[in-house]
Amino acid sequence: MSEQIPPPRTAAALEARRQRTQSKVGQVRDSITELKRQKKPITVAAVVRQAGVSRTFLYENPDARALVADAVDRGSTALEPANPRLDAESETQWRERALNAEDALKAAHGEIRTQRSRIAQLMGQIRDLETQWTDESIERITTENANLKQRVRQLTQDKRTLEERLQAARSNGRFQDRRIADLESKLLDAGEHPS
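Below, the structure is looked at part by part.

Analysis parameters
Residues numbered from 1 in each chain as written. Predicted model: local features only at pLDDT ≥ 70, side-chain atom pairs only at ≥ 80, totals over all residues. Heavy atoms only, no water. Salt bridge = Lys/Arg side-chain N within 4 Å of Asp/Glu carboxyl O. Helix = DSSP H or I, 4+ residues; strand = E, 2+ residues; numbered from the N terminus. Buried < 20%, exposed > 50% of the residue type's maximum accessible area, 1.4 Å probe, protein only. Core = buried A, V, L, I, M, F, W, Y, C linked by side-chain atoms within 4.5 Å. Contact = heavy atoms within 4.5 Å. Polar contact = N/O pair within 3.5 Å; in protein donor to acceptor, adjacent residues only side chain to side chain. Expected span 1.5 Å × (residues − 1). Arc of directions from axis to C-beta. Patch = residues over 30% accessible without salt bridge, like charges linked within 9 Å, V, L, I, M, F, W, Y side chains within 5 Å. Areas by Shrake-Rupley, 256 points an atom, 1.4 Å probe, with all protein chains shown as cover.

## Some words on the pattern of salt bridges
Enumeration according to the criterion identifies five salt bridges in this entry. Here E34 and R37 are joined by a salt bridge, their closest N and O atoms 2.5 Å apart. With E34 and R37 both in helix α1 (residues 8-37) and three residues apart, this pair spans about one turn of that helix. Judged by relative accessible area, which is 21%, E34 ranks as partly exposed. Ionic pairing is found between E163 and K159, a salt bridge with its closest N-O pair at 3.2 Å. Here E163 pairs with K159, and both are found in helix α6 (residues 135-192), just four residues apart, close to one helical turn. Accessibility expressed as a relative area gives 41% for E163, which makes it partly exposed.

## Observations concerning the nonpolar core
With 15 residues, the main nonpolar core has V28, I32, V47 and L58 as its most contacted residues. Elements represented by at least two residues in this core include exactly α1, α2 (44-51), α3 (55-60) and α4 (62-74). Once residues within four sequence positions are removed from consideration, V47 is found in contact with V28, S31, I32, L35, I42, G52, L58 and V68.

## Considerations on the side chain of S31
Following the sequence through the fold, S31 ends up in helix α1. Using a relative accessible area of 3% as the deciding quantity, one classes S31 as buried. At 2.8 Å, the side chain of S31 forms a polar contact with the backbone oxygen of V28. With residues up to four places along the chain from it excluded, the contact list for S31 reads V47, Q50 and A51.

## A look at the side chain of N61
By the element assignment, N61 lies in the loop between α3 and α4. Of note is the side chain of N61, whose polar atom sits 3.0 Å from the backbone nitrogen of D63. Not counting the four nearest positions on each side in its chain, N61 is found in contact with T21 and V25.

## Details of α4
Between its first and last C-alpha atoms α4 spans 18 Å; for 13 residues at 1.5 Å apiece the expected length is 18 Å, and the two agree. All of the buried residues along α4 are A64, V68 and A71. Down the axis of α4, the smallest arc covering the buried residues is 65 degrees, so these residues share one side. Turned more than 90 degrees away from the buried face of α4, the exposed residues are P62 and D73. The opening residue of α4 is N61, an N-cap whose side-chain oxygen sits 3.0 Å from the backbone nitrogen of D63.

## Considerations on a nonpolar patch on the surface
Together, I119, M123 and I126 give the surface a local cluster of nonpolar side chains, amounting to about 270 Å² of exposed area. With respect to the element layout, I126 can be found in helix α5 (residues 84-132).

Below is the structure:
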């Protein structure tokens, strides 16, 4: 049997896929180099983040898998020779960060102690308030409260009734005022025209 030659479109697709794969392998290689330069630990997760590729690609592609495995195996032995000045600066920065973190931790512990003390005081006050009330006094106050609510309802109803009566009285007063005015005008008219 003779070997089949793929159609031009299939060949172009295969070539594009091969180029994408090679590009991703190049990204993996570059990310490993960058991680080494930054003196960061080389792990699969770090390479995935740095290269912008998926874990699946790293595991399925033999070239990428070999690059990562080789870099992980070599670990710190593949790092560039250390620069003593950079190491001293880095150590100074780390020492300063550690001291700052220690100070922040002390301040946080002090604040926690203060808050715990305040909470204890407030809890004591709550307990003191709770012990002042017996069951009988709570029942008495509840009964008084119910009676006062009933009295408020009664007074509200009485107020409404009195307001209605006041409106009716005012209406009657206005009617009587008009009636008186009409009668006065009739009397005046009758006084001017005696028969």
